Every structure is written in C-alpha cells, then in structure tokens.
Amino acid sequence: MRRKITVLPGDGIGKEVTRGAVEILETVAERYGHEFEFQYGEIGGQAIDNTGSPLPEQTIETCKNSDAVLLGAVGGPKWDNQPSHLRPERGLLKIRKELNLYANLRPISYYSSLSESSPLRKEIIEEVDFVIVRELTGGLYFGKPSERTTHDGKEAVVDTLFYQKDEMQRIIELAFELASKRRKKVTSVDKANVLESSRLWRETAEEIAERYPEVELEHMLVDNAAMQLIRNPRQFDVVVTENMFGDILSDEASVLTGSLGMLPSASISTQGPNLYEPIHGSAPDIAGKNIANPIAAILSAASMLRLSFGMEVEAEAIEKAVGETLDSGSRTGDIAEGQVRTLTTTEMVAEIKGAILDQE
Ligand code: NAI
Ligand code: MG
C-alpha cells in the first residue's frame, strides 16, 4: 500500500521522538511491503522563528494533502513570553480546527514490566486496557458567549456549554464502532443529574446503542467516573465523554500505567487526515540530549497504521515489539527506576526495530 504521511516534528524532544517513529514506520514498510512517503512541515516555536507564524499556511496545505499526520510536540521557554498569537500552542489549536479533529482517543494499557512506575498497586492496574474518547471541538471550551459581564450591577462571568445533537452523535457513534471491535462495552460519562446538555447526551447514546445490540451501554456520572478510574480501572473498555470531562479524566487516567513518555493519542477528523501525537510536551529539560522516551510517539504511529490505514497486523507488530523490548529490561531514563543501564532514544528505537524484524 502507498501512503503519504506528513510529519510535524515541532520543538524540543518532538524532533527526537518523531525521528524515531519515522524509523519504525520505515521498518514496517520494508517488512510488510508498503510504501510510505514522508513530507515535513513546520509548527510551533520553530515555525515562529522561521516564518513568523506558529502554523504557516504551507503546513496546513501539506497536512491536507496527505493520508495522515504525525506530530511531535510544541513549545518551550524561548517562546513563553510571546504575545498569545505568537505562542507555539496556538499552532496546535489551529491545526485541530483546520483538520476538523473532533475526537481525541487515548488508549490506556498496562505493561506488566512497568507496574512499578504507577502510583497505584499492581492488583489494581493489572490488565487495564481501555480507551478514552474525548469530544474535542465543542462544549464549554468553544461555546459563546464566553465573557466577563455584569449582572444585577455586580461583576459576573459566563461560559457556555453548547452542543448540536449531530456533534454528540458522531462522537458516540465512533465510541460504539471502537467498542464493537474490542470488549463490547461503552461507558458514557455525563452529569445528567444536573446538566441539560448531559440529558441530551444520554438520550443520544441510548438511540445509538439500539444500532449496536452486541455492545453494552452503561451511563456513569462524571464524579463517580473520576473515582472508578482509580478504584477499579479494569471495568472500562471504551469511555466516551464531552470535551471538558474528557480533558480532566484523560489526564487522570494517564497516570494509571506510568510515564508520560509511554502514552500515545489519536485525533480523528470528520474528513481528511487524522493526526497522531504523543500526549507529552516538548520536555525542554531533556531536549537535545537523546534521552527522551520515543515509545509514546512510536505507539502513536502504530495507531496511525490501525486507524488511518487499516493495517491491524502491522500496528500489532509494533505494539508487540514495544512490549517485548520492555520485557527484556530495556528502559529509557523516565521508566528506568533503579535500572543499571538506561538506553538513549536512538538505542531504544534500534531495539524496537530489531524486535519487529525478529518477529515470525
Ligand atoms: P512535558 O510533557 O514536556 O514534560 C513534563 C515532564 O515529563 C518533564 O520532566 C519531561 O522531561 C518529562 N517527559 C515528557 N515526555 C517525555 C519523554 N518522551 N521521555 C522522557 N521524559 C519525558 O510537559 P511540560 O514540561 O509541562 O511542558 C513543556 C513544554 O511543552 C511547554 O512549552 C508546554 O506548553 C509544551 N506542551 C506541549 C504539548 C503538545 O505539544 N501537545 C503538550 C504538553 C505540553
Ligand atoms: Mg489537558
């Protein structure tokens, strides 16, 4: 299969980890007889320095003219005091909007060899394997009005939680599609005891559930969900929720299974290419030292193969290689925990590459 992939390395360790992920994609292409064409674009601080904009038009065009996008990370102290239109994060928000990335998927899964790097006991996190599906372009973060105002002569403020029903439908449908290929359970998280928007969300979920008789639908209030994620995370398969609840719960869930450097994400578009990125930032404290963990970026590339290209076998080959590499004791510094020798970024990439080539 021939596929065009846009790579946006961005700033700091974004450059180092995307280089590793590209190498793994090249390995998969070679091993499974695919042709991946890589094209590069600028985003974030580095784009500001070179073009005066955190997301140049050229980058948007390049992304739209490709089958999938792989992003590193943006930002760094160098740009922290810039006016807001010249901040690297602007590039991130803008690319999500330009590509209509309405859903953010965060898989949370357990690696037995890393159980010591979670703050929770092994018995609780063992076998954890679920995906959080967060709505990304609606809700409280985008609703208007959102402003300072006065009410009864007093200082006041308003934010608006606004959704159109079709925005709820498409994200909940995506969750059911995912669940139908997994353990067949959707947990829809809302606050239906208080919010009208949540009551429509719940109704919508019930309607969609009728079309997926093989998938179990469960509703959970968001405060309870926050507790259940810590008490018994194994109960979840696919969790779907609106933008702000998803923002909070996905950060909470990300600590269950260890380091930031391990966790991938996928953002799904209504049309056009999806975008895949590690959830970590540009890590200025370790940038340029070749010690960043490339696994989050590599697992993001695996998600790309699965979700954008339908290459399930290839995606599993990468995930399995990562698991084997960790099982063999290979660690970068962030997950080392008393390890005698830790690997550099490039050494870790080489080990994972070797594990892919060694598979039957
Ligand atoms: P961060 O995720 O960059 O770093 C947090 C801590 O985790 C640091 O100690 C870092 O060294 C470590 N870490 C992160 N990824 C790692 C990896 N792959 N391997 C080993 N260690 C890793 O978050 P922080 O420090 O809050 O933000 C740094 C910059 O990144 C800021 O400018 C921020 O705005 C930006 N950022 C960008 C994001 C994006 O592009 N999606 C997301 C989060 C932050
Ligand atoms: Mg967040």
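Residues numbered from 1 in each chain as written. Chains lettered and ligands numbered in written order. Predicted model: local features only at pLDDT ≥ 70, side-chain atom pairs only at ≥ 80, totals over all residues.

Looking up the chain in an unreviewed UniProt entry gives the name 3-isopropylmalate dehydrogenase, with the organism given as Peribacillus cavernae. UniProt, in its Function (unreviewed entry) section for the chain, records the words "Catalyzes the oxidation of 3-carboxy-2-hydroxy-4-methylpentanoate (3-isopropylmalate) to 3-carboxy-4-methyl-2-oxopentanoate. The product decarboxylates to 4-methyl-2 oxopentanoate." Annotation of the chain in UniProt includes, under Subcellular location (unreviewed entry), the sentence "Cytoplasm". (UniProt positions renumbered as here; feature names shortened; annotations may be inferred.)

To continue, consider the overall build of the chain. Helix and strand content of the chain: twelve helices and twelve strands. Here the C-alpha radius of gyration of the chain, 21 Å, is about what a compact globule of 360 residues would show, namely 21 Å. The C-alpha extent of the chain, read off along each of the three principal axes, is 65 × 50 × 40 Å. Here the chain holds 360 residues, and 45% of them are scored as buried. Within the chain, contacts between residues at least 6 apart in sequence are counted, and of these 75% link residues at least 24 apart. (Helix = DSSP H or I, 4+ residues; strand = E, 2+ residues; numbered from the N terminus. Rg over C-alpha atoms; globule rule 2.2 N^0.38 Å. Buried ≥ 20, exposed ≤ 12 C-beta atoms within 10 Å, placed from the backbone. Contact = placed C-beta atoms within 7 Å.)

Turning our attention to the pairing of strand β12 (residues 274-278). Of all five residues that make up β12, four are buried, and the element is covered over most of its length. Taken together, the four bridges between strand β11 (residues 264-269) and β12 define a ladder with antiparallel strand orientation. Residue pairing for β12: S265 is matched across the bridge by E277. Counting the residues between successive antiparallel strands, the hairpin from β11 to β12 contains four residues, one of them, G272, with a positive phi of roughly 80 degrees. (Pairing = 2+ DSSP bridges.)

Turning to the site of ligand 1, a few remarks are in order. Around ligand 1, a shell composed of 21 residues is seen, among which G75, G261, H280, G281 and N293 lie nearest. For the shell around ligand 1, the residue count by class is eleven nonpolar, seven polar and three charged. (Near = placed C-beta within 6 Å. Nonpolar A, V, L, I, M, F, W, Y, C, P; charged D, E, K, R; others polar.)

Here we come to the domain arrangement of the chain. In terms of domain boundaries, the chain breaks down into domain 1 (1-111 + 260-360) and domain 2 (129-255). Domain 1 puts 15 residues into the contact, and the matching count from domain 2 is 15 residues. At the level of secondary structure, the elements contributing two or more residues to the side of domain 1 that touches domain 2 comprise β4 (101-109) and β11. For the side of domain 1 that touches domain 2, the element with the highest residue contribution is β4, accounting for nine residues. The class makeup of the residues in the side of domain 1 that touches domain 2 is ten nonpolar, three polar and two charged. (Domains from an automatic or database assignment.)

Most of strand β3 (residues 68-73) sits inside the fold, with six of its six residues counted as buried. Here strand β1 (residues 2-10) pairs with β3 via five bridges, running parallel. Within β3, the residue paired with L8 across the bridge is L71. Direction of pairing for β3 relative to β12: parallel, over a ladder of three bridges. Each bridged residue has a counterpart across the sheet, and for A68 the counterpart in β12 is N274.

Moving on, we come to the UniProt feature "site: Important for catalysis" (unreviewed entry) in the chain. The positions that UniProt labels "site: Important for catalysis" (unreviewed entry) are, in the present scheme, Y141 and K191. Inspection of the secondary structure puts Y141 in the loop between β5 (129-135) and β6 (143-151). For Y141, a count of 16 C-beta atoms within 10 Å puts it in the partly exposed group. Sequence-distant contacts of Y141, that is, excluding residues within four places in its chain, are made with N243 and M244.

Turning our eyes to something else, we now look at the packing of helix α1 (residues 13-32) against helix α11 (residues 312-327). With their axes 11 Å apart at the nearest point, α1 and α11 run at an angle of 130 degrees to one another. Judged by the inter-axis angle, α1 sits oblique to α11. For the element pair α1 and α11, the recorded crossing hand is right-handed. Seen from α1, the contacting residues are I24, V28 and Y32; seen from α11, they are E314, A317 and I318. (Axes fitted to C-alpha atoms, helices over the stretch in contact; angles between N-to-C directions. Parallel < 35°, antiparallel > 145°, perpendicular 65-115°, else oblique. Left-handed = near helix turned anticlockwise from the far one by under 90°.)

This brings us to the packing of α1 against helix α10 (residues 295-307). Two numbers describe how α1 lies on α10: the axes approach to 8 Å, and their chain directions differ by 45 degrees. As the angle between them shows, α1 and α10 are arranged oblique. In terms of crossing hand, the pair formed by α1 and α10 is right-handed. On α10, the residues touching V17, T18, G20, A21, I24, L25 and V28 of α1 are A296, A297, I298, S300, A301 and L305. For the contact of α1 with α10, a count of residues per class yields ten nonpolar, three polar and no charged.

Here we take up the nonpolar core. Note that soluble globular proteins tend to have their nonpolar side chains buried in a common cluster. Residues L70, V133, A175, V238, I298, A301 and I318 are the most contacted members of the largest nonpolar core, which totals 95 residues. If you tally residues by element for this core, the top one is α10, at nine residues. (Core = buried A, V, L, I, M, F, W, Y, C linked by C-beta atoms within 7 Å.)

Overall, mixed pairing links the ten strands, which are arranged β2-β1-β3-β12-β11-β4-β5-β10-β8-β9 in an open sheet. Each having just a single partner strand, β2 (35-40) and β9 (216-221) make up the two edges of the open sheet. Each adjacent strand pair in this sheet contributes to an overall mean axis angle of 25 degrees, direction not counted. Running over the sheet, α1 touches β1, β2, β3 and β12 and is turned about 145 degrees from β3.

Attention shifts here to helix α8 (residues 222-231). Every α-helix winds through 3.6 residues per turn, so residues three or four apart in the chain are directed the same way. Looking only at α8, the buried set comprises V222, A225 and L229. Along the axis of α8, the buried residues cluster in a sector spanning 40 degrees; they form a single face. Turned more than 90 degrees off the buried face of α8, the exposed positions are D223, N224, M227 and R231. Where the residues of α8 are buried, they touch β8 (185-190), β9 and α9 (243-254). (Arc of directions from axis to C-beta.)

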